[in-house]
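Topology and contacts: notes
Each chain is listed here by its residues.
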Amino acid sequence: MKIAVLVSGSGTNLQTLIEQLHQDKTSGIQIAVVISDRRKAYALKRAKRASIPTHVVKTQDFENRVDFDAEISRFIEQYNVELVVLAGFMKLFQPPFVRKYQNRIINVHPTLLPAFPGAHPVADTLAYGVKIAGVTVHFVDEDVDTGPIIAQSAVPVLDTDDEESLHDRIQVEEHKLYPEVIKWYAQGRLKVEGRKVIVQ
């Protein structure tokens, strides 16, 4: 199965997917292309080191967000991508794009959704004072971090945690859970019934 990984930053999740899926010939999963909205994203260097094609698609190069989405869609079709994987991609897609790829876009979010959606989830987790944080992998829908939840993993919040220490421990779980969910998808094990995702 061919996947596209969309990135905006350093690419730690991308690196995990390269090592656990792309470079593992038994996984049956190939990262066909890495797309970034930032030309200087370090994730692009990780992709190039692994000889994965990369493309940069910047919002400022387009008159509107629908055209931006269309350019990303063009690359998805060009590389025959079956699953779109968001790995720290910080742009929201417009409804036509989401509908076109319904249940074919997944995202990883560093909280136990529906708690603390949005751009600063770990900081929001600490500010609220909850005792359990975690990771959520979900399908992407037309709103922010509201799509059907595929899998979650809990991470305790320690009294000594700051944003960096908690995020580091959450990332350990991300790097376990995200590749596993992508394997489930590739194996045809995910069934979506309304908001419920059944792992068969």
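Structural data are supplied above this passage.
Residues numbered from 1 in each chain as written. Predicted model: local features only at pLDDT ≥ 70, side-chain atom pairs only at ≥ 80, totals over all residues. Heavy atoms only, no water.

What follows covers the pairing of strand E1 (residues 2–7). With respect to burial, E1 is a largely interior element, five of its six residues being buried. Summarising the sheet, E1 and strand E2 (residues 30–36) pair through six bridges and their orientation is parallel. Among the inter-strand pairings, Ala4 is bridged to a residue of E2, identified as Val33. Remark: the E1/helix H1 (residues 12–22)/E2 crossover connection has right-handed handedness. (Buried < 20%, exposed > 50% of the residue type's maximum accessible area, 1.4 Å probe, protein only. Helix = DSSP H or I, 4+ residues; strand = E, 2+ residues; numbered from the N terminus. Pairing = 2+ DSSP bridges. Right-handed = clockwise from strand over helix to strand, strands pointing away.)

Once that is clear, we can look at the packing of H1 against helix H2 (residues 42–49). As a packed pair, H1 and H2 sit with axes 9 Å apart at the nearest point and diverge in direction by 15 degrees. Between H1 and H2, the interaxial angle falls into the category roughly parallel. Taken as a pair, H1 and H2 cross one another with a handedness that is right-handed. Only Ala43, Arg46, Ala47 and Arg49 of H2 make contact with H1, whose side of the interface consists of Thr12, Leu14, Gln15 and Ile18. Class assignment for the residues of the contact of H1 with H2 results in four nonpolar, two polar and two charged. (Axes fitted to C-alpha atoms, helices over the stretch in contact; angles between N-to-C directions. Parallel < 35°, antiparallel > 145°, perpendicular 65-115°, else oblique. Left-handed = near helix turned anticlockwise from the far one by under 90°. Contact = heavy atoms within 4.5 Å. Nonpolar A, V, L, I, M, F, W, Y, C, P; charged D, E, K, R; others polar.)

Looking now at the layout of surface pockets. Computed from the structure, the largest pocket encloses a volume of approximately 870 Å³. Lining the largest pocket are 36 residues, with Gly88, Phe89, Met90, Val108 and Pro110 sitting closest to its centre. Secondary structure elements with two or more residues in the lining of the largest pocket: H1, strand E5 (105–109), helix H5 (121–128) and helix H6 (163–186). Per-element tally for the lining of the largest pocket: the top contributor is H6, with four residues. (1 Å grid on protein atoms, 1.4 Å probe; cavity = no way out; pocket = protein on both sides within 12 Å on 5 of 7 lines; lining within 4 Å. Points joined across faces, edges and corners; volume = space filled by probe spheres on them.)

Secondary-structure assignment places Val197 in strand E9 (residues 196–199). Classification of Val197 by relative accessible area gives buried; the value is 12%. For Val197, the contacting residues outside a window of four places in its chain are Phe139, Pro148, Ile149, Ile150, Leu190, Lys191 and Val192.

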